[in-house]
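# A closer look at the structure
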Amino acid sequence: MLILLPPSEGKAPEGSGAPLGELSFPALDKARKRVRTAVARASRRRDAIDVLGLTPGLAAELEKNLALESAPALPAAELYTGVLYDNLGLATLSPAESRRAEESLLIFSGLWGVLRITDRVPPYRLSMGVTLPVLGGLAAFWRPLITKQLDGLPGLVVDMRSGTYAGAWKPGDRSVAVRVFRGGKVVSHMAKATRGAIARTLIRSGEDPATPADLAKLLDAYGFATTLGPQPKPTHPWHLDVEATA
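Within every chain, residues take consecutive numbers counted from 1 along the sequence as written. Since the coordinates come from a predicted model, pLDDT governs what is reported: local features require at least 70, and pairs of side-chain atoms require 80 or more to be given and counted, while whole-chain, interface and lining totals use all residues. Note: side-chain values were computed over all heavy atoms of the structure, leaving out hydrogens and water.

### Quick look at the overall build of the protein chain
- When its secondary structure is counted, the protein chain shows 9 helices and 12 strands.
- Taken over C-alpha atoms, the radius of gyration comes to 18 Å for the protein chain, in line with the 18 Å a tight globule of 246 residues would show.
- For the protein chain, the spread of C-alpha atoms along the principal axes amounts to about 50 × 40 × 35 Å.
- Here's how the labels work: a residue is buried when its accessible area is under 20% of the maximum for its type, exposed when over 50%, partly exposed in between, all with a 1.4 Å probe on protein chains only. Looking at the protein chain as a whole, 51% of its 246 residues are labelled buried.
- The contact rule is simple, with two residues in contact once any of their heavy atoms fall within 4.5 Å. Considering only residue pairs separated by 6 or more positions, the protein chain has 70% of its internal contacts joining residues 24 or more positions apart.
- Per element, the accessible surface of the protein chain, about 11,500 Å² overall, is 54% carbon and sulfur.
- His is not counted, nor are the chain ends, whereas Lys and Arg count as positive and Asp and Glu as negative. Where a charge lies is defined by one atom per residue type, namely NZ (Lys), CZ (Arg), CG (Asp) and CD (Glu). Side-chain charges of the protein chain comprise 30 positive and 24 negative groups, with the mean position of each set lying 5 Å from the other. Starting at the N terminus, helices and strands are each numbered in turn, a helix being any DSSP run of H or I of at least four residues and a strand any DSSP run of E of at least two. For the radius of gyration, the atom set is restricted to C-alpha positions; the globular benchmark scales as 2.2 Å times the number of residues to the power 0.38. Throughout, the Shrake-Rupley method with a 1.4 Å probe supplies accessible areas, and for residues the shown protein chains are the sole cover considered.

Pasting the structure below:
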């Protein structure tokens, strides 16, 4: 089973160890270097805030994009903060659960493409929704490269990415897109908490659901209220609607 997550806007303010080293999916390294170069150039522009889609209050974050090669790094498991990752609670998993998380969790990133939670990277500021000069839109830039790396990985894909990041890889009808509802309406903030709780439950369960129906049954057994949509058209994802837990 693969569990796809977005990164978080909130990140640890600084790393605590050696700078950027080897990452998972090394075939993406050349592209990662191109994005690092492009974002550093964009961050030096007078209109950097506009190019990178930041608010004026985040202007200081641009400095992080200028030190990506030398800044202290930290594991992705510690870098990303916020509601989803608070509810996922990676730091409180047992050793066996942590190993399972290392195998199953994939974090999508505008800068790195895709990461495992053990990959050490420095803090940065770049959304997958940004269009970088020369490279263009990042989701379109990454899609063929990530697709080549991930299409061959086995297992059911549980997709809990936001729309911005979902465009970087489309796993097709072996994937289940998790949608979170409250009172019949799609929710956003509560969706992050619920998706974090779902990811934690799947990791801690030790189960490996093989089909969308198996996934729905497993989550129901752990107290989630789910509704599995009808079988989709070929190459389209299944949809699993889940009632918000908070």
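Right, picking up where we left off after that structure.
### A word on the packing of helix 1 (residues 29–44) against helix 6 (residues 138–150)
- For the pair helix 1 and helix 6, the least separation of the axes is 11 Å and the interaxial angle reads 165°. The angle between the axes of helix 1 and helix 6 places the two elements in the roughly antiparallel class. Crossing hand, helix 1 versus helix 6: right-handed. Taken together, the residues of helix 6 that come into contact with helix 1 (itself represented by Ala31, Arg32, Arg34 and Val35) are Leu138, Phe141, Trp142 and Leu145. Under this scheme, a helix contributes an axis fitted over its contacting stretch, all axes are lines through C-alpha atoms, and angles between N-to-C directions fall in the 0 to 180 degree range. Working definition: roughly parallel below 35 degrees, roughly antiparallel above 145 degrees, roughly perpendicular at 65 to 115 degrees, and oblique for all remaining angles. Crossing handedness is defined as follows: a turn of the near helix away from the far one that is anticlockwise and smaller than a right angle gives a left-handed crossing, while the clockwise case is right-handed.

### Looking at the pairing of strand 1 (residues 2–5)
- What you see with strand 1 is no split at all: Leu2 and Leu4 on one side and Ile3 and Leu5 on the other are buried throughout.
- Where strand 1 meets strand 3 (residues 105–109), 3 bridges bridge the pair, whose relative direction is parallel. In the sheet register, Leu4 faces strand 3, and the bridge partner there is Leu106. Paired strands, in this sense, are two strands between which DSSP finds at least two bridges.

### Structural notes on helix 9 (residues 212–221)
- Among all positions in helix 9, only Pro212, Leu215, Ala216, Leu218 and Leu219 are buried. Viewed end-on, helix 9 has its buried residues packed into an arc of 165°, placing them on one side of the element. Looking at helix 9, the residues exposed on the side facing more than 90 degrees away from the buried face are Lys217 and Ala221.
- Downstream of helix 9 by one or two residues, Gly223 has phi in the positive range, about 95°. As used here, the arc is the angular range of directions from the helix axis to the C-beta atoms.

Just distances and angles here, no functional claims.
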